[in-house]
Amino acid sequence: MTALKDILLRQIRAEGPISVAAYMSHCLLHPDHGYYTTRAPFGAGGDFVTAPEISQIYGELLGLALAQSWLDQGAPRPFTLAEFGPGRGTMMADVLRVTKGVPGFHAGMQLVLLEASARLQAAQKATLAGYAPRWIASAQDLPEQPLLLLANEFFDALPVYQFERGPKGWHERQIGIRDGDLGFVLAAPQPPDAFDPRFALDPVGTIIEVCPTAAPPIEAAAGRIARQGGLALIADYGGWRSKGDTLQALSNHAPTPPLKDPGAADLTAHVDFEALVRFARLPHAYAPQGRVLQALGIEARAQVLAGRLSGAALDNHLAAARRLTAPDEMGELFKILALFPPAAPKPPGFA
Ligand code: SAH
């Protein structure tokens, strides 16, 4: 049993069931036993691999899309280049390398990162040495100026609440004790009219997830973009509106039951992009990752890089480009949401 499981079992025995959201927060960010506080989760040696860790092309294409939007909006300076949940800093390093040649871009940018884990902040500092990033404690601290924002697999790490529809209303699905172990229990029903109207017609038995902690960062970013200009590109797995129980734990690249080893496995839930758009109240574009990357020219860029490679390096490179775009890999399950100001043209990649 992990140390965190022992702590949670004792807490629940003493005080009663906890929300799925509280469980996720403990598992991911507990100061002593949280997954992101204690582990180096990314890459082949970690528990999961994200798109920017699969290939440099991913960050390059998204970085060029940001820069093109910035040019389309008249290259305003100064502006913020920000990332929420930058992990090891890999994607931002690719963005910075590829935008070096865009006149005025580096001179006008202020690099801002939002990262909860001190350990990952240290990794970002090392990766991005030379660019003087500033870490903010909350998205509210984003400077009041045009904003170019990236977030890759950030929103899936934010805690969700689960609800199940019963005959008398929505029951919160909580984590309590069953057969001496952590297990799901249902709380007393809340009247349906106290609930998100999007789910009003869902039948008995439906499970949905809501993520209220996604609202403040989206609202803060969208406010800057609405008033000052810019673009947000938000990539994650999920869909348009929450459907079902998507709480998922990954350990060593394989799924594991989400209540089994709290703190020792990564824990995520699918992102409800419709909810993000409702928080943002901005024009948006939304498409599967594979389609956006293709529209941004992933094939041409992959060809250029392939020309410099041979043998196993070439094979790995081609497999990586396929993994990012193929519908049976990340191309369909992952989506990219663009949020942009009312007066701006649609960003590149979303024609
Ligand atoms: N974007 C990176 C890392 C994704 S993992 C990549 O694609 O490889 C999720 C990232 O979000 C981690 O850096 C994690 O520490 C950070 N994170 C999770 N919850 C957070 C929160 N509430 N506030 C700030 N950062 C958070």
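Whatever comes next refers back to the structure up there.
Read on for a plain summary of the structure.

Conventions we followed
- Residues numbered from 1 in each chain as written.
- Predicted model: local features only at pLDDT ≥ 70, side-chain atom pairs only at ≥ 80, totals over all residues.
- Heavy atoms only, no water.
- Helix = DSSP H or I, 4+ residues; strand = E, 2+ residues; numbered from the N terminus.
- Rg over C-alpha atoms; globule rule 2.2 N^0.38 Å.
- Buried < 20%, exposed > 50% of the residue type's maximum accessible area, 1.4 Å probe, protein only.
- Areas by Shrake-Rupley, 256 points an atom, 1.4 Å probe, with all protein chains shown as cover.
- Lys, Arg positive; Asp, Glu negative; His and termini not counted.
- Charge placed at Lys NZ, Arg CZ, Asp CG, Glu CD.
- Salt bridge = Lys/Arg side-chain N within 4 Å of Asp/Glu carboxyl O.
- Near = heavy atom within 4 Å.
- Polar contact = N/O pair within 3.5 Å; in protein donor to acceptor, adjacent residues only side chain to side chain.
- 1 Å grid on protein atoms, 1.4 Å probe; cavity = no way out; pocket = protein on both sides within 12 Å on 5 of 7 lines; lining within 4 Å.
- Sits in = over half its atoms within 2 Å of the grid points.
- Nonpolar A, V, L, I, M, F, W, Y, C, P; charged D, E, K, R; others polar.

Focus on the overall build of the chain
Here is step 1 of the chain: On a plain count of helices and strands, the chain comes out with 13 helices and 16 strands.
Here is step 2 of the chain: The C-alpha atoms of the chain give a radius of gyration of 21 Å, which matches the 20 Å a tight globule of 351 residues would have.
Here is step 3 of the chain: C-alpha atoms of the chain, sized along the principal axes, occupy 60 × 45 × 35 Å.
Here is step 4 of the chain: Per-residue burial for the chain yields a buried fraction of 55% across its 351 residues.
Here is step 5 of the chain: For the chain, the exposed area adds up to about 15,000 Å²; of that, 54% sits on carbon and sulfur atoms.
Here is step 6 of the chain: The positive charge centre, built from 30 side chains, and the negative charge centre, built from 34, are 3 Å apart in the chain.

Describing unusual backbone geometry
Here is step 1 of the chain: The step from R77 to P78 runs through a cis peptide bond, and the omega angle for that step is -5°.
Here is step 2 of the chain: Looking at the element boundaries, P78 is found in the loop between α5 (56–72) and β2 (79–84).

Some details on the pattern of salt bridges
Here is step 1 of the chain: Within the structure shown, the criterion is met by 17 salt bridges.
Here is step 2 of the chain: For R97, the salt bridge identified is with D94, shortest N-O distance 3.0 Å. Here D94 and R97 lie together in helix α6 (residues 90–98), a separation of three residues that amounts to about one turn.
Here is step 3 of the chain: D94 sits in the buried class, given a relative accessible area of 7%.
Here is step 4 of the chain: Between E329 and R322 there is a salt bridge; the shortest N-O distance is 3.0 Å.

Here's the deal with the site of the ligand
Here is step 1 of the chain: Lining the immediate surroundings of the ligand are 17 residues, of which T50, G85, G87, E115 and N152 lie closest.
Here is step 2 of the chain: Taking G87, its main chain carries an N or O atom lying 3.1 Å from an oxygen atom of the ligand.
Here is step 3 of the chain: The side chain of E115 places a nitrogen or oxygen atom 2.5 Å from an oxygen atom of the ligand.
Here is step 4 of the chain: Contact with the protein chains hides 92% of the accessible area of the ligand, taken as 570 Å² for the molecule alone.
Here is step 5 of the chain: Assessed atom by atom at 2 Å from the grid points, the ligand resides in the largest pocket.
Here is step 6 of the chain: Taken together, the residues of the shell around the ligand break down into nine nonpolar, five polar and three charged.

These figures come from the coordinates and say nothing about function on their own.
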